[in-house]
Protein chains: 2
Amino acid sequence: MSKRSTTLASLAAELGVSPTTVSNAYNRPDQLAPATRERILAAAAERGYTGPDPTARSLRTRRQGSLGVLLTEHLSYAFEDMASVDFLAGMAEASAGASTTLTLIPAGPDTAGAPNDAQAAQLVGSAAVDGFVVYSVAAGDAYLDAVQRRGLPVVVCDQPTDSGLPFVGIDDRAAIAPAAQALVDASHTRIGILAIRLHRERLDGEVTAAQLAAADMHVQRSRVLGALDVFAQAGLDPARIPVVTRHINDPRTAYAAAEELLTKHPDLTAVLCTTDSMALGVMAYARDHGIMVPEQLSVTGFDGIAPALALGLSTVVQPNKEKGAAAGRMLASLIEGRGEVPRVLLETTFHPGRTVAPVGA
Amino acid sequence: MSKRSTTLASLAAELGVSPTTVSNAYNRPDQLAPATRERILAAAAERGYTGPDPTARSLRTRRQGSLGVLLTEHLSYAFEDMASVDFLAGMAEASAGASTTLTLIPAGPDTAGAPNDAQAAQLVGSAAVDGFVVYSVAAGDAYLDAVQRRGLPVVVCDQPTDSGLPFVGIDDRAAIAPAAQALVDASHTRIGILAIRLHRERLDGEVTAAQLAAADMHVQRSRVLGALDVFAQAGLDPARIPVVTRHINDPRTAYAAAEELLTKHPDLTAVLCTTDSMALGVMAYARDHGIMVPEQLSVTGFDGIAPALALGLSTVVQPNKEKGAAAGRMLASLIEGRGEVPRVLLETTFHPGRTVAPVGA
DNA sequence: CTGTTAGCGCTTTCAA
DNA sequence: TTGAAAGCGCTAACAG
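Small disclaimer: the values here were computed from a predicted structure and weren't measured.

Rules used throughout
- Numbering of residues starts from 1 in each chain and follows the order in which that chain's sequence is written.
- Labels are handed out in written order, letters beginning with A for the chains and numbers beginning with 1 for the ligands.
- Residues qualify for local features only when their pLDDT is at least 70, as the model is predicted, and side-chain atom pairs are given and counted only at 80 or more; totals for whole chains, interfaces and linings, by contrast, use all residues.
- Neither water nor hydrogens contribute to the side-chain values; these are computed over all heavy atoms in the structure.
- Each helix corresponds to a stretch of at least 4 residues labelled H or I by DSSP, and each strand to a stretch of at least 2 residues labelled E; elements are numbered beginning at the N terminus.
- Here, expected helix span is obtained from the residue count minus one, scaled by 1.5 Å.
- Residue burial is assigned from relative accessible area. The probe radius is 1.4 Å, only protein chains are included, and a residue is buried under 20% of its type maximum, exposed over 50%, and partly exposed in between.
- Residue ranges assigned to the domains are those given by an automatic or database domain assignment.
- We call a residue near a molecule or strand whenever a single non-hydrogen atom of that residue lies within 4 Å of it.
- Between N or O atoms, a polar contact is any pair within 3.5 Å; within protein, one atom must be a potential hydrogen donor and the other a potential acceptor, and residues adjacent in sequence are included only when both atoms are from side chains.
- Think of a salt bridge as a Lys or Arg side-chain nitrogen and an Asp or Glu carboxyl oxygen that are within 4 Å of each other.
- Here, two residues are considered to be in contact whenever any of their heavy atoms come within 4.5 Å of each other.
- Buried area is a sum: the accessible area each of two parts loses on coming together, probed at 1.4 Å, counted once for each and added.
- The copies were overlaid by least squares, fitting only the C-alpha atoms of residues that reach a pLDDT of 70 or more in each copy.
- Just so you know the grouping, Ala, Val, Leu, Ile, Met, Phe, Trp, Tyr, Cys and Pro go in nonpolar, Asp, Glu, Lys and Arg go in charged, and all remaining residues, Gly too, go in polar.

### Things to note about helix H12 (residues 218-233) of chain A
Residues and elements named next belong to chain A. The end-to-end C-alpha distance of H12 is 22 Å, a good match for the 22 Å that 16 residues give at a rise of 1.5 Å each. Within H12, 12 of the 16 residues are buried, leaving the element largely enclosed by the surrounding structure. All of the buried residues along H12 are His218, Val219, Gln220, Ser222, Arg223, Val224, Leu225, Gly226, Ala227, Leu228, Val230 and Phe231. Looking one or two residues beyond H12, the residue adopting positive phi is Gly235, at roughly 90 degrees.

What follows is the structure in structure tokens.
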């Protein structure tokens with residue numbers, strides 16, 4: 001209480017032992033006499049010394065004991081999406097396994113060209129971590145650039161898919177096929193697509209083929225293209241399949257997107273969504289407007305989040321949590337120094353659910 | 001590439017300026033000639049120097065730029081509960097506001113008396129943070145002790161309620177009253193209660209009055225007692241109201257708990273749950289067993305998580321996200337040095353929903 | 001088993 | 001406007 005806080009050195013001095021000995025008492029219990037150790041720990045407790053200062057230790061050892069996580073856009077949106085929450089849960093598990101902490105970088109929204117590159121660099125540059133997992137960030141994102149410059153180990157998850165960095169994800173383009181196929185098998189021909197965030201720039205509404213081709217959010221783009229692959233294969237004209245998108249991913253927005261799609265195209269008999277959250281929005285909209293699912297409208301999703309599964313949504317299930325765990329483990333092993341550039345693709349499955357029915361059933 | 005990485009000092013040497021000047025280029029742009037600054041930044045970029053090392057800076061400035069968050073039990077369980085996810089989203093918002101990162105401490109399960117106090121102290125003691133928010137941790141928890149010993153600013157959220165530390169939460173005992181009252185008003189007399197985790201020690205199954213009185217998880221205890229208050233007031237004998245509890249909070253467990261309660265007490269006409277996740281479990285069980293809600297069974301929850309609200313659950317809504325934000329802001333301001341011991345109680349509201357109906361309706 | 005000696009990379013007075 | 005010096009608190013060699 002009286003003097004400025006106790007340090008390892010001051011403790012050592014008061015006890016008449018060397019700093020090394022005190023340090024060993026904490027870090028290498030087997031390197032000193034148990035009696036000495038007891039004496040040191042007792043004195044420490046008495047003085048309110050809780051052990052070596054983490055910062056000083058990190059400076060010396062060059063290890064932080066923390067994995068950085070960079071989520072797309074504003075963190076608080078990320079938490080609204082169950083898929084990213086599951087991902088984080090998986091990372092938490094991996095980090096507990098490595099007994100490190102998890103540092104979340106609260107990335108602000110990064111609109112392309114917006115002048116917040118400096119802030120990105122600043123936040124990323126000053127995070128006390130041993131490496132980063134970058135989750136579902138747009139190609140060319142300022143935060144991603146900053147992370148790469150930082151020079152620490154990095155694992156990219158989901159996207160961008162072409163960064164050349166260690167990667168964990170799924171094959172989105174192939175993964176969505178069974179959902180699209182289910183619609184085709186049910187004889188649907190008037191199908192709409194609902195996607196979130198195809199571009200870094202805000203872009204809400206119906207998307208042109210050119211815009212789709214230029215989309216820089218790889219995951220969403222792959223899913224839309226994967227669905228169109230299947231529809232084209234089935235003889236449908238991709239140009240006649242409306243694609244509506246929204247920048248923000250939350251329930252209200254999903255509802256509005258569903259409304260736009262179904263109002264502009266009242267003849268649709270099926271909606272393929274690139275996320276479950278969107279599909280949930282469609283179902284909410286349908287319920288509110290007396291549209292029976294699947295009798296009058298078939299709906300498919302993507303992700304396999306709990307609420308969607310609980311509602312019996314026909315959807316592609318991806319192992320979100322396992323993805324987080326895999327990314328976390330991969331990062332931990334890169335930090336350990338096993339330095340290959342691995343690329344892990346996880347499996348997905350189609351959950352038939354009960355929201356797809358033959359046309360006019 | 002060639003030599004060991006660039007440091008502020010080496011950069012300064014190569015440029016023939018002093019370390020101070022380079023430091024100023026990053027930290028006090030107004031303290032040096034713009035031209036000098038440009039030159040320094042350019043040279044830095046060229047050499048791949050991304051700015052002052054965060055650890056060294058922290059050691060020097062004694063600030064970490066990160067808020068620590070301590071969640072109960074295994075982090076990955078925490079993520080399964082939407083209420084804590086919402087809380088985290090709120091904290092993320094507050095931390096973005098303070099432009100700090102968020103450090104999650106992956107607390108392992110802390111059974112009372114288990115010998116992991118050392119690990120707790122270790123994890124908490126070595127986290128590079130400026131303070132902690134402790135979320136819903138049992139009274140006497142080893143992690144909480146470790147946090148207190150660490151001597152950094154701390155904000156307690158939800159529980160324990162009697163720590164004397166800065167606090168953010170709700171009045172759980174009063175908050176649950178409207179839910180209980182709704183059941184009473186609907187003339188229910190055969191009511192069961194489902195709660196999670198009343199004690200630190202694992203305890204699954206029906207709880208005795210003595211066990212309830214000794215519960216060290218304040219929040220759950222308060223909610224159960226608050227409900228019993230109302231029932232007693234209405235002339236029901238608390239001793240005849242079964243309380244079933246589960247240690248782990250996940251959908252499967254909730255389902256099992258519902259099954260236990262309704263199997264042991266088939267005459268129940270209503271179940272009051274102390275969390276929405278439990279209530280969801282009851283509804284799932286009811287659906288699977290052909291029990292109509294609310295016609296044959298009334299159900300109430302607590303929390304107001306999105307999936308529950310979407311299903312029309314009659315529940316007490318608490319501002320989870322706002323709670324996280326309030327805790328984060330309070331911690332940030334304590335770190336800034338505004339050092340009172342505040343105590344914030346947030347408001348709750350009862351969401352009538354449609355899962356309560358008169359007996360035998 | 002314990003001690004001595006050097007920094008880890010940075011910021012901060014204080015001077016020039 | 002820039003520089004010199006002095007540590008922040010710790011651990012890793014290397015001796016003893």
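### Describing unusual backbone geometry
In this model, A:Val293 is joined to A:Pro294 through a cis peptide bond whose omega is 10 degrees. Locating A:Pro294 in the fold gives a position in the loop between helix H14 (276-288) and strand E10 (298-303). The amide bond that connects B:Gln159 to the next residue, B:Pro160, takes the cis arrangement and shows omega of 0 degrees. Here B:Pro160 lies in the loop between strand E4 (154-157) and strand E5 (167-169). A positive phi angle, close to 60 degrees, is found at A:Arg62, a residue other than glycine.

### A look at the domain arrangement of chain A
The assigned domain composition of chain A is domain 1 (8-52), domain 2 (66-170 + 320-345) and domain 3 (172-318). Inter-centroid distance (C-alpha atoms) of domain 1 of chain A to domain 2 of chain A is 38 Å.

### A short note on the protein's contact with DNA strand D
Contacts to DNA strand D come from 26 residues, most closely from A:Leu8, A:Tyr49, A:Arg60, B:Ser18 and B:Thr20. Close to the protein, within 4 Å, the atoms of DNA strand D are drawn from sugar and phosphate at a rate of 66%. At 2.9 Å from a phosphate oxygen of DNA strand D is found a main-chain nitrogen or oxygen belonging to B:Ala33. Note that a phosphate oxygen of DNA strand D is positioned 2.8 Å from one of the side-chain N or O atoms of B:Thr36. For the surface near DNA strand D, the leading source of residues is helix H4 (residues 54-61) of chain A, giving 4 residues.

### A closer look at the pattern of salt bridges
Side chains that differ in charge, positive against negative, can pair when their charged atoms come close. All names here are of chain B. One pass over the full model with this rule turns up 29 salt bridges over all chains. In this structure, the salt-bridge partner of Arg200 is Asp216, at a minimum N-O distance of 3.8 Å. Taken together, the residues span a long stretch of sequence, with Arg200 in the loop between strand E6 (191-196) and strand E7 (205-206) and Asp216 in the loop between helix H11 (209-213) and helix H12 (218-233) at a distance of 16 residues. Asp216 shares its class with Arg200; the two are buried. Three or more residues joined by partner-sharing salt bridges are found here, namely Glu206, Arg246, Glu260 and Lys264.

### Focus on the environment of A:Ser5
Looking at the secondary structure, you find A:Ser5 in the segment before helix H1 (8-15). Measuring from C-alpha to C-alpha, the distance between A:Ser5 and A:Gly48 comes to 8.6 Å, with 43 residues separating the pair along the chain.

### Brief notes about the interface of chain A and chain B
Contact residues are listed per partner, giving 42 residues for chain A and 41 residues for chain B. Between chain A and chain B, roughly 3300 Å² of surface is buried when both sides are summed, and carbon and sulfur atoms account for 65% of that area. Run the count over chain A and chain B and you get 2 salt bridges. Residue A:Asp53 pairs with B:Arg62 through a salt bridge whose shortest N-O separation is 3.1 Å. Our count for the contact surface shared by chain A and chain B stands at 6 residue pairs in polar contact (both at pLDDT 80 or more). Only H4, helix H5 (75-78), helix H6 (82-97), strand E2 (101-105), helix H7 (117-125) and helix H8 (142-150) of chain A provide two or more residues apiece to the side of chain A that touches chain B. Top contributing element to the side of chain A that touches chain B by residue count: H6(A), with 8 residues.

### Remarks on the relation of the copies chain A and chain B
Of the transformation superimposing chain A on chain B, the axial component is 0.1 Å and the angular component is 180 degrees, with the fit at an RMSD of 0.1 Å. A rotation of that kind, with that shift, is consistent with a two-fold axis. Within chain A, the C-alpha atom positioned nearest to the axis of rotation is that of A:Thr103, 2.2 Å from it. The residues that chain A uses at the interface reappear at the interface of chain B in 98% of cases, marking a shared surface.

### A word on the protein's contact with DNA strand C
Near DNA strand C you find 26 residues, and of these A:Thr20, A:Arg60, B:Leu8, B:Tyr49 and B:Arg60 are the closest. Of what DNA strand C places within 4 Å of the protein, 64% of the atoms are sugar or phosphate. A:Ala33 places a main-chain nitrogen or oxygen 3.0 Å from a phosphate oxygen of DNA strand C. Residue A:Arg60 places a side-chain N or O atom 3.2 Å away from a base nitrogen belonging to DNA strand C. Listed by contribution, the elements that provide at least two residues to the surface near DNA strand C are helix H2 (19-27) and H4 of chain A together with helix H1 (8-15), helix H2 (19-27) and helix H4 (54-61) of chain B. Looking at the surface near DNA strand C residue by residue, the classes come out as 9 nonpolar, 11 polar and 6 charged.

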